[in-house]
Amino acid sequence: MYVTGDHARPDAHRPAVVDAGTGRSTGRVGPTTPLRLARVIADPADTTGSGGRYTPALARYLADLARLHGMRRGPDDFAGVARTTFTDLVRPLVAEVADAPVDLIVLAHVTPDAEPGWPASFLTGALPGEPLAFAVADQGVVAPFTALRVAAAYARADRIERVLVVLLDQGTFLTAGPLPEVGVGLVALVLARDGTLGELSTQVVTGVTPPQARSVLASSLADFAGTSATGAALSPATGPQGTARHPGELPATGLWRGLTGRAAGAGPLALADYEPAARCLGICVVAPPVGEPAS
């Protein structure tokens, strides 16, 4: 699914959010999500390879698909692959979050699944509350930021109490040629009106050229005072022009693993990543909650 939204342009930054009581900048990059961060779950179970190997029937099916796209891969090329599908990854998550109804699920991934599957549909059927589900893809490392914006938009438009944002990484690729060295993993962000881990404000800036990426980020966080973490494309080692991936890197979940272990009352944290192919910059500020939970 392609998801679009009210994205900012690099020449039209949103003004800093100001606290009405003190008149000081909060360091946020836009309106806060009505739901607060309640919990961060990373890799709820060791599911690597839990999907087993492709069945002969599925191996033949995938070989037929490969042939249609000019790839010289036969059933034997798939039959020996032990993979972990997105559905395998989200299955252990059910026990972690089924203690209360879920109103909305938003999945986000950078890499495709190891086989045609329906992880969002699985979660919709397995979790209480009959949640609505979306998936965000084809935006590279900015997909998690868009997923948070989708969650925020729905929370503002309806009486949504609890949202599950699930970030997924896949290490098995049904492609020809050299394979990316990407790991398998899951990070789930549980958002709720009574969350205590922080308020989230998220911005996606489009039309950002690689040479602009760092300066646009610096401008967006000009009033931010706290800790920041950035993805590989924004790191000094590669620069914004770089698309280098490190062995075992987790492009969808890696940056967000910095939220695990976050405690109530922790200081502001800014997360940012840049996708050169899409010319998109994602920024998320997690700040200590201010006042009563949004209603």
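Remember, it's a predicted structure, so these values are computed and weren't measured experimentally. (Residues numbered from 1 in each chain as written. Predicted model: local features only at pLDDT ≥ 70, side-chain atom pairs only at ≥ 80, totals over all residues. Heavy atoms only, no water.)

**Here's the deal with helix α6 (residues 143–157)**
Working step 1: Taking 1.5 Å per residue, 15 residues should reach 21 Å; α6 reaches 21 Å between its end C-alpha atoms and fits that length.
Working step 2: Counting buried positions along α6 yields 11 of 15 residues, so the element is predominantly enclosed. (Helix = DSSP H or I, 4+ residues; strand = E, 2+ residues; numbered from the N terminus. Expected span 1.5 Å × (residues − 1). Buried < 20%, exposed > 50% of the residue type's maximum accessible area, 1.4 Å probe, protein only.)

**Focus: the packing of aromatic side chains**
Working step 1: Applying the stated rule across the entire model yields two aromatic pairs.
Working step 2: Relative to tyrosine 154, the ring of phenylalanine 134 lies with its centre 5.2 Å away and its plane at 50 degrees, an arrangement referred to as tilted. A residue pair is termed long-range when its members are at least 10 positions apart, and phenylalanine 134 in strand β3 (residues 132–136) and tyrosine 154 in helix α6 qualify at 20 residues.
Working step 3: With relative accessibility at 17%, the residue phenylalanine 134 sits in the buried group.
Working step 4: Its end group placed over the ring of phenylalanine 122, arginine 91 keeps NZ or CZ at 5.1 Å from the ring centre. (Phe/Tyr/Trp six-rings, centres within 6.5 Å; stacked < 30°, edge-to-face > 60°. Lys NZ or Arg CZ within 6 Å of the ring centre and 35° of its normal.)

**Some remarks on helix α1 (residues 56–68)**
Working step 1: Taking 1.5 Å as the rise per residue, α1 with 13 residues should run 18 Å; its terminal C-alpha atoms sit 19 Å apart, in good agreement.
Working step 2: By the burial criterion, the buried members of α1 are Leu58, Ala59, Leu62, Ala63 and Ala66. Along α1, the residues classed as buried sweep out an arc of 140 degrees about the axis, all on the same side. Projecting away from the buried face of α1 at angles above 90 degrees are the exposed residues Arg67 and Leu68.
Working step 3: Along its buried surface, α1 packs onto α2 (75–79).
Working step 4: One or two steps after α1, the chain reaches glycine 70, where phi turns positive at roughly 75 degrees. (Arc of directions from axis to C-beta. Contact = heavy atoms within 4.5 Å.)

**Some remarks on the sheet that holds strand β6 (residues 198–206)**
Working step 1: Strand order in this open sheet of nine strands is β3-β2-β4-β5-β1-β6-β9-β8-β7, and the pairing throughout is mixed. The strands lining the two open edges of the sheet, one partner per strand, are β3 and β7 (227–230). Looking at each pair of strands side by side, their axes are set apart by 25 degrees on average, direction ignored.
Working step 2: For β7 and strand β8 (residues 269–275), the ladder comprises four bridges, and the chain directions are parallel. Bridged to serine 228 within β8 is alanine 270.
Working step 3: Across the sheet, α6 lies against β1 (32–42), β2 (104–109), β3, β4 (162–169), β5 (185–192), β6, β8 and β9 (280–287), angled at about 165 degrees from β2, the strand it touches most. (Pairing = 2+ DSSP bridges. Axes fitted to C-alpha atoms, helices over the stretch in contact; angles between N-to-C directions.)

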